[in-house]
Every structure is written in structure tokens, then in C-alpha cells.
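Chain residues, written in single-letter form:
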Amino acid sequence: MANYKMLALDLDGTTLNEEGIVTDTTQYWIQKAVESGVMVIFSTGRGMQTVIDLWNSLGLNGPMVLLNGAELWTGREQLCERHFLKPEEIRQLHRLALEADAHFWGYSVESLTNRKNWTEEMFERRWMKFGMYHPDLSVISKLRELVSEIDTIEISRSAAVNMEISPRGISKESGVRTICSRLGIDMREVMAIGDNMNDYRLIRAAGLGIAMGNADEELKAVADAQTDTNARDGVAKAIQRYIFAN
């Protein structure tokens, strides 16, 4: 059995199939990894609002890296860190999204709020992540250019048509590093699996960085290995191959 102490899993496009479900096969191999002593954590762009049910259904009790590293949990009910965007950054991002007629959403301590439900009161909340979506690639590309001029934030994406914004220096990699340092785990002992550019830094930094078969080509280029697609239990196959097969 391979000597990885932690398995960091992205959710959308990775652990979840095209229907947003963790298949029985993938669930079986995740449980098998846990039973063998590997700490299985999520490293996802999602927040607690859309992760808690998955956390419960998989029976995981360990740490979680949420919101691309902006919110870290050491366990259930055990908040580790939160990193917030500045109020003026949220106002600027909100304005840019409206000007481009882009869909947008944000994760605050209190809520996951989208464009339809955004009110002036929202600017009083503390936001850890802000996202934009536009189906026109040229529009989202231009938005990325404009947003990249704000030098106090971090930009990534989980799909070609979106953009995910965090405080400067915050990423899935920074989140996993923080959790590892608290637990005395070296990054070389981490196996990470992902499919898109918000996984890029973590895939490069992990001892074994694995790109899904459906991953962004840029991610595949820096990964140590590739597995099957999320529609074909790629996570389960990676666990079998790299944790259990000798």
C-alpha cells in the first residue's frame, strides 16, 4: 500500500459525477481509504452550505478545505480559519459583474447569495469568495482581465465560463498546507485529485497530483498522473491504483 497520509478531493467534475452524485463505487473506495488510515478531505470551491450533506453522507470527520482555501475546518464544528475579501473589493467586483451582465454569487459567513437575491444589505456581510459566470467566453475572458487589475485578490476558475475570486494568497494549496502543518503531515504525503484551474497549485504541490480524464488541459500538463473521467469513477480508480495497488 502506498504511503500517502492524506487524500485531498475536489468535488465538482471530480468526486461527483455528471449528475452531481458520488457513485456507490467511489463511495466504497473512499471508505476503504479511510479505513486504511488515510485522511480523506475535500478541497473544493464550494462552501459549507453546499458541502455539509456530502460530508455527512460520506461519514467523513476530518478537516475540510472549502471556498478554494478561504474557509478551513479541522473537523465537524471546529472552524480553523476564515479569510475575507475587503468590502471595497466586493463593491468593485459587484459593479464589474453588473456592467458585463454576468451572473454572480458570493459565499459569506451567513449565506450563499446569487445575483437574484443580492441586496444593498449584502455589502455589510463578510465575504470569503465571489464568483462570476457568463456563457460567452469572450465576455468572461474580458472580465478576468479587468478583475486581474485588482492586485489584492486571487483569481481562479472551476470551468471555462466562470471565475472564482479569493483574497490574495489564498488557494486550495494554501488551505491544504495549513491543515497539513497542523497535523504534522508533509505535502509529499498528500495525494490530490482535481479537474480544473482552481486545483492547479494544489496538484503541483502535492506529493502525487492527479488530473481527471475530463480535466482542463493545463491541469493535465502539470499533473503527475491522470485517471479516468468523473463519469467513469476516476476517483475510485485512482484510489485503487495509487493507494492500494502495489
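Anything mentioned here points back to the structure above.
Residues numbered from 1 in each chain as written. Predicted model: local features only at pLDDT ≥ 70, side-chain atom pairs only at ≥ 80, totals over all residues. Heavy atoms only, no water.

Colleague: Help me out: how do you make sense of empty space enclosed by the protein in this one?
Modeller: Think of a ball as big as a water molecule: rolled over the atoms, this probe shows where empty space is left. All chains considered together, the criterion is met by one cavity of 30 Å³ or more. Volume-wise, the largest cavity comes out at about 40 Å³. T14, T15, L16, N17, I21, T23, T26, N230, D233, G234 and V235 are the residues that line the largest cavity. For the lining of the largest cavity, the secondary-structure elements that each account for two or more residues are α1 (11-15) and α9 (234-244). Looking at side-chain class alone, the lining of the largest cavity contains three nonpolar, seven polar and one charged residues. (1 Å grid on protein atoms, 1.4 Å probe; cavity = no way out; pocket = protein on both sides within 12 Å on 5 of 7 lines; lining within 4 Å. Points joined across faces, edges and corners; volume = space filled by probe spheres on them. Helix = DSSP H or I, 4+ residues; strand = E, 2+ residues; numbered from the N terminus. Nonpolar A, V, L, I, M, F, W, Y, C, P; charged D, E, K, R; others polar.)

Colleague: Would you mind going over the packing of aromatic side chains with me for this structure?
Modeller: A complete count under the given rule lists seven aromatic pairs for this structure. Each ring, one from W118 and one from F130, has its centre 6.0 Å from the other, and the planes form 85°; the classification is edge-to-face. Placement of the pair is W118 in the loop between β7 (112-114) and β8 (127-133) and F130 in strand β8, with a sequence separation of 12 residues. Classification of W118 as buried rests on a relative accessible area of 11%. You can call F130 buried: its relative accessible area is 0%. The structure contains a cluster of three or more aromatic residues connected by ring pairs, namely F104, W118, F123, W127 and F130. Sitting over the face of the ring of F244, K32 holds its NZ or CZ atom 5.4 Å from the ring centroid. (Phe/Tyr/Trp six-rings, centres within 6.5 Å; stacked < 30°, edge-to-face > 60°. Buried < 20%, exposed > 50% of the residue type's maximum accessible area, 1.4 Å probe, protein only. Lys NZ or Arg CZ within 6 Å of the ring centre and 35° of its normal.)

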